[in-house]
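# Secondary and tertiary structure notes
Chain residues, written in single-letter form:
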Amino acid sequence: MLPYINAPFEYAGNALGASVDELKLIFSFLLSYPLAAILKRIPDNLPWRKNVFIVGVSLFYLIGLFDLWDGLRTLIWASGVTYAIAMFVDSPYMPWIGFAYNMGHMSVNHIHRMTINDPGSIDITGAQMVLIMKLTAFCWNVYDGKLPETELSEFQKEHAIKEIPDLLDYAGYVFFFPGLMAGPAFDYCDYRQYISTSMFQLPPGVDPSKAPPTRKKRKIPRSGTPAAWNFGYGILWILAFLKFSAWYNTSALLSDDFLKYGIIRRVWNLHMLGLTTRMKYYGVWSLTEGACILSGIGYNGIDAKTGRASWHRLQNVRPWDIETAQNTRAYLGNWNINTNNWLRNYVYLRVTPKGKKPGFRATLATFFTSAFWHGFYPGYYMAFILASLLQTIAKNGRRLLRPFFLTADGGSETPKKRYYDLVTILITQLAFSFTVAPFVFLSFTGSITVWSRVYFYCLIGVAVCFGALNSPIKPQLQAQLKKRNKGKIEEVVKIEQAKERIQRAPTLGLPDDPEAEMDEIVAEVRKEIEERRKRGGSVGMDIRKAVEEKLAEFKRK
């Protein structure tokens, strides 16, 4: 650590009531803007200088600012071993070896952080979580580069690495400073296209006059304005977090004074605690995305509608869409977008055998990967399990109730649809205010205490909904819906559901339709029993035992 570098942060921390490490982290995000502007001005024909500059800035952050010598060693070990695995392991299991090594390595650090239990300090697990997405994707991209193109999807073709990069390019990818500590993560092909400036070439057929403006001889388009917008949004979110966190924090909800409020005020405070916590992430991710935009790597081609340069390649969150979400998928799908993409492209679709659609095994693998990636605090698992139940309820509710607010053919909305929208927004926000609380409190005791202080309203609601779904109410609604729509909408719904099942992965690892997933594995077991019966084998096993065997078989794989 540089001498006396802590002094200004200690002074500011005492004035603002924030920890020194948190202020230094925000400072690193702000400093990335002028440094990204310098990076952008390094000549395009000297990519090695860009790589050296990128690695040098990251070393300053890790050592000069945070004194994270152990953290630096962690990142070097993770990236070094992954590079060796990708280069020397010539096997179809190579990506899984890299995946197992990185997840195991990070799990050790997660456990170490739990033993320290100091949320105000900065350790390396945050940066390692971002790096794991990049390293595991790197292994898969190298593996794809060795396969015939006829065996690859369009996504795999675009991201495949045909030749292992040299160590300097790889180090620049690993230590890209605008996204080092908090993301966003991206694939090596993005970095290679950026560092070689091929990212900024106009695709065939695009009018050259629509090329975004550049300065001097640089190929990277001007990005100061979109970066400034992200900077402004990020600062506003951080300031809002600092202001609101003085009113809505974990200590306030666990204090005896909280019990003096009525139920409505308690639920409001619980909701505001979640919103205040999200403000911090909105601010951080807006700032880091802005620095990426300023460096140029956030470029996403020409927007077909506006004809202008698009800079949303690395967008990680959409605050408005989250705060006005009408269902669980909209809520979770707009949060931590790059992690969702990673789980889909490098877990969900990778455990699915070629020629088959993703099913129960893919969902289970994605769920456990997401859970382990976050860490081992009990609060994470409490939130994940409850959210998966909400996913089931939301899916059924949408299928059973939403069509009543559409025309018979499902083509347009009725005048009452606006009321359905308002009610679903309210229900979704109230449900997730309760659900995300364990993510904030982390401990089992703290989470249960806060849940009890709002009378477990979401758990009661979940129990009531599941009771309704397993009562005559569900078939009655289905009958009314069929009679009302005269069979016109059913086929459209089935087609949409089939497309969702094939094309969309579980959001943040949560099953998209847990009920359907369990039905699928039971059907698979029944099919196996029937095959055994035809072969004359023993069928003296019940469904429960068969399911357990299937799960055990999956875990061994």
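Only a predicted model underlies this, so the values are computations on that prediction, with no experimental measurement involved.

For the protein chain, the helix and strand inventory stands at 25 helices and zero strands. Residue burial in the protein chain is summarised as follows: out of 557 residues, 48% are buried. Counted over contacts in the protein chain with a minimum sequence separation of 6, partners at least 24 positions apart contribute 71%. Of the roughly 28000 Å² of accessible surface on the protein chain, a fraction of 61% belongs to carbon and sulfur atoms.

We now examine the pattern of salt bridges. Tallying each qualifying case throughout the model produces 12 salt bridges. The partner of Lys50 in a salt bridge is Asp44, with the nearest N and O atoms 3.2 Å apart. Both residues of the pair, Lys50 and Asp44, belong to the buried class. Notably, a salt bridge pairs Asp257 with Lys260, separated by 3.2 Å at the nearest N-O pair. Exposure remark for Lys260: the relative accessible area of 67% places this residue in the exposed category. Here the salt bridges do not stand alone but share partners, grouping Glu413, Lys417 and Asp421 into one network.

Take unusual backbone geometry next. Of the consecutive residues Gly183 and Pro184, the connecting peptide bond is found in the cis state with omega at 10°. Assignment of secondary structure puts Pro184 in the loop between α8 (167-174) and α9 (188-195). Within the chain, Asp67 stands out as a residue other than glycine whose phi angle is a positive 60°. Looking at Asp67, the relative accessible area reads 38%, which means it is partly exposed. Residues other than glycine seldom take positive phi values, yet Asn336 does so here, at roughly 50°. Position of Asn336 relative to the elements: it lies in the loop between α14 (328-333) and α15 (337-348).

Taken N-terminus to C-terminus, the directions of helix α3 (residues 47-65) and α8 make an angle of 45°; their axes are 9 Å apart at the nearest point. Our classification of the angle between α3 and α8 gives oblique. In the crossing of α3 with α8, the sense of the turn from one axis to the other is left-handed. In this structure, α3 uses Trp48, Asn51, Val52, Ile54 and Val55 to contact α8, whose residues at the interface are Leu168, Asp169, Ala171 and Gly172. Here the residues of the contact of α3 with α8 sort into six nonpolar, two polar and one charged.

Inspection of every chain in the model, using the stated rule, returns 44 aromatic pairs. Between Trp285 and Trp335, the aromatic rings sit 5.0 Å apart at their centres with planes inclined by 65°, giving edge-to-face as the arrangement. Placement of the pair is Trp285 in helix α12 (residues 263-295) and Trp335 in the loop between α14 and α15, with a sequence separation of 50 residues. Pair check on accessibility: Trp285 and Trp335 agree, each one buried. Here Phe367 and Phe368 contribute two aromatic rings whose centre-to-centre distance is 5.6 Å and whose plane-to-plane angle is 85°, an arrangement assigned as edge-to-face. Judged by its relative accessible area of 15%, Phe367 is buried. Sitting above the plane of the Phe186 ring, Lys134 keeps its charged end 4.6 Å from the centroid. The ring centre of Tyr261 lies 4.2 Å from the NZ or CZ of Arg265, which sits over that ring.

Turning our attention to the environment of Met114. Among the structural elements, Met114 can be located in helix α5 (residues 94-116). Along the sequence, Met114 and Gly375 sit 261 residues apart, while their C-alpha atoms lie 8.9 Å from each other. With residues up to four places along the chain from it excluded, the contact list for Met114 reads Phe376 and Tyr377.

This next bit is on the UniProt feature "transmembrane region" (unreviewed entry) in the protein chain. The sites that carry the UniProt feature "transmembrane region" (unreviewed entry) are, in the present numbering, residues 23-39, 51-69, 75-101, 227-248, 282-302, 380-398, 419-442 and 454-473. Helix makes up 100% of residues 380-398 and strand 0%, with an end-to-end C-alpha separation of 26 Å. End-to-end, the C-alpha atoms of residues 419-442 are 35 Å apart, and along that stretch the chain is 92% helix and 0% strand.

Once that is clear, we can look at the environment of Asn336. Classification of Asn336 by relative accessible area gives buried; the value is 8%. The spacing of Asn336 and Gly183 is 153 residues in sequence and 9.8 Å in space, taken between C-alpha atoms. Among the polar contacts made by the side chain of Asn336, one reaches the side chain of Thr339 at a distance of 2.8 Å.

What counts and what doesn't
Residues numbered from 1 in each chain as written. Predicted model: local features only at pLDDT ≥ 70, side-chain atom pairs only at ≥ 80, totals over all residues. Heavy atoms only, no water. Helix = DSSP H or I, 4+ residues; strand = E, 2+ residues; numbered from the N terminus. Buried < 20%, exposed > 50% of the residue type's maximum accessible area, 1.4 Å probe, protein only. Contact = heavy atoms within 4.5 Å. Areas by Shrake-Rupley, 256 points an atom, 1.4 Å probe, with all protein chains shown as cover. Salt bridge = Lys/Arg side-chain N within 4 Å of Asp/Glu carboxyl O. Axes fitted to C-alpha atoms, helices over the stretch in contact; angles between N-to-C directions. Parallel < 35°, antiparallel > 145°, perpendicular 65-115°, else oblique. Left-handed = near helix turned anticlockwise from the far one by under 90°. Nonpolar A, V, L, I, M, F, W, Y, C, P; charged D, E, K, R; others polar. Phe/Tyr/Trp six-rings, centres within 6.5 Å; stacked < 30°, edge-to-face > 60°. Lys NZ or Arg CZ within 6 Å of the ring centre and 35° of its normal. UniProt positions renumbered as here; feature names shortened; annotations may be inferred. Polar contact = N/O pair within 3.5 Å; in protein donor to acceptor, adjacent residues only side chain to side chain.

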